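Here are the chains, one letter per residue:
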Amino acid sequence: MDGAANDLRMLKYVAEITRRLARMLSRTRYQMLVYFLEMTAVEADSLAAEQDHRAEAGKPPRN
């Protein structure tokens, strides 16, 4: 489980960093790179949410 939590944190970190980089580059002429970075961030967030959902589904219900 610790590995899964690590992966989840890493995916969220990747999303955060790519969004910051995209914001910095959005003021430049590299719009295709900005678009790529934004899509990478969206994909990382999506994978993190999916992994988080799977981890929650595997936990026993709380009483």
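Structural data are supplied above this passage.
This report concerns the structure included in the present document. (Residues numbered from 1 in each chain as written. Predicted model: local features only at pLDDT ≥ 70, side-chain atom pairs only at ≥ 80, totals over all residues. Heavy atoms only, no water.)

Things to note about the environment of R19
- Structurally, R19 is set in helix 1 (residues 2-25).
- With relative accessibility at 31%, the residue R19 sits in the partly exposed group.
- C-alpha of R19 to C-alpha of V42: the two residues are 23 residues apart in sequence and 9.0 Å apart in space.
- Setting aside chain neighbours within four positions, we find R19 in contact with A41, V42 and D45.
- A polar contact of 2.6 Å, which involves the side chain of R19, links it to the side chain of D45. (Helix = DSSP H or I, 4+ residues; strand = E, 2+ residues; numbered from the N terminus. Buried < 20%, exposed > 50% of the residue type's maximum accessible area, 1.4 Å probe, protein only. Contact = heavy atoms within 4.5 Å. Polar contact = N/O pair within 3.5 Å; in protein donor to acceptor, adjacent residues only side chain to side chain.)

A closer look at the pattern of salt bridges
- Scanning the model with the defined rule gives three salt bridges in all.
- We note a salt bridge from R19 to D45, for which the minimum N-O separation is 2.6 Å. Of the two residues, R19 is situated in helix 1 and D45 in helix 2 (residues 31-58); the sequence distance between them amounts to 26 residues.
- Among the ionic pairs, E50 bridges to R54, the shortest N-O distance being 2.2 Å. Of this pair, E50 and R54 both sit in helix 2, four residues apart, which is roughly one turn of the helix.
- Residue E50 is classed as partly exposed on the basis of its relative accessible area of 39%.
- R54 gets classed as exposed once you look at its relative accessible area, which sits at 55%. (Salt bridge = Lys/Arg side-chain N within 4 Å of Asp/Glu carboxyl O.)

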